[in-house]
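Here is how the chains run, residue by residue.
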Amino acid sequence: MLLRREGHLVNHKRLFRIYREEKLTVRRRGGRKRAMGTRAPMLIPMLPNDRWSLDFVSDQLTDGRRFRVLTVVDDCTRECLALVADTSLSGLRVARELEALIASRGRPRMIVSDNGTEFTSNAILGFADRQRIDWHYIAPGKPIQNAFIESFNGRLRDESLNETLFPSLSQVRATVASWRADYNLNRPHSRLGWLTPTEYADTFNPRRDLALRSMQGSAPAPVAHPGQSGQTNRPSLRHAG
């Protein structure tokens, strides 16, 4: 291997020898700094908006152009909160979509994602700081730590993306929107006691829970008197999953 220097060819061995003799070093470029976020162990979500999971699914149109779908899932209710399809989804775009989702649904306590550049961008860090959301990054190369969204993405790919040829981005958006509605409204989930995600989310109705707490209180419910006809003790709701 020969290197050109000031019009002359210099053997790379000679160049290395000169560097050694002059005690010269080549500065090594360090790895890109990544946002660490929250690294504490995650608890099992017990209420809607306790934790959302985010990820991307990629595919291509019939003309070869690539597109991506941002998937957002509530880990408690298993609801698919959003499917955003586009040819480019930057960190700024992700932040805008999350802000719109929060405006309609409310703010999550935690969001889980991988260490992709979109999720570690300044736009996302600023968004999480403004919204006071704990952003949890899974360990690199450990998708199992985000199992809820990985399982959901597998269904989306197997049942929709892999089964459809998309001539345009508008068709992608219409198809995934229809699939999302069917998933939330018509798909019973074994971990939810065979309720659909929407039905399970409805069991967390604040008015219903408040009425149950006021009826039952904190003490065990008393046994009904045999003479009280037509009255039964309504069992408290038990949430599965």
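Parameters and conventions
Residues numbered from 1 in each chain as written. Predicted model: local features only at pLDDT ≥ 70, side-chain atom pairs only at ≥ 80, totals over all residues. Heavy atoms only, no water. Patch = residues over 30% accessible without salt bridge, like charges linked within 9 Å, V, L, I, M, F, W, Y side chains within 5 Å. Areas by Shrake-Rupley, 256 points an atom, 1.4 Å probe, with all protein chains shown as cover. Salt bridge = Lys/Arg side-chain N within 4 Å of Asp/Glu carboxyl O. Helix = DSSP H or I, 4+ residues; strand = E, 2+ residues; numbered from the N terminus. Buried < 20%, exposed > 50% of the residue type's maximum accessible area, 1.4 Å probe, protein only. Pairing = 2+ DSSP bridges. Contact = heavy atoms within 4.5 Å.

A closer look at a nonpolar patch on the surface
Taken together, the side chains of Ile44, Met46 and Leu47 present a nonpolar region at the surface, about 350 Å² in accessible area. With respect to the secondary-structure elements, Ile44 resides in the loop between helix H1 (12–21) and strand S3 (51–60).

Comments concerning the pairing of strand S4 (residues 66–74)
The buried fraction of S4 is high, at 7 of 9 residues. For S3 and S4, the ladder comprises 9 bridges, and the chain directions are antiparallel. Counted as the bridge partner of Asp59 is Phe67 from S4. Between S3 and S4, which pair antiparallel and follow one another directly, the connecting turn spans 5 residues, one of which, Gly64, has a positive phi of 95 degrees. Bridge analysis of S4 against strand S5 (residues 80–86) gives 6 bridges, and the strand direction is antiparallel. Counted as the bridge partner of Val72 is Ala82 from S5.

Some remarks on the side chain of His189
Mapped onto the secondary structure, His189 falls in the loop between helix H5 (169–186) and helix H6 (197–202). Ignoring any residue separated from it by four or fewer positions in sequence, one finds His189 in contact with Arg78, Arg155, Tyr183, Trp194 and Leu195.

Let's talk about the pattern of salt bridges
Using the criterion set out here, one finds 13 salt bridges in the structure. We note a salt bridge from Arg93 to Glu97, for which the minimum N-O separation is 2.9 Å. Taken as a pair, Arg93 and Glu97 lie in helix H2 (residues 91–105) at a separation of 4 residues, close to a single helical turn. The partly exposed category is assigned to Glu97, whose relative accessible area is 26%. Several salt bridges share partner residues, and in doing so they unite Asp86, Arg93, Glu97 and Arg173 into one network.

Interpretation in functional terms is not warranted from these geometric data alone.
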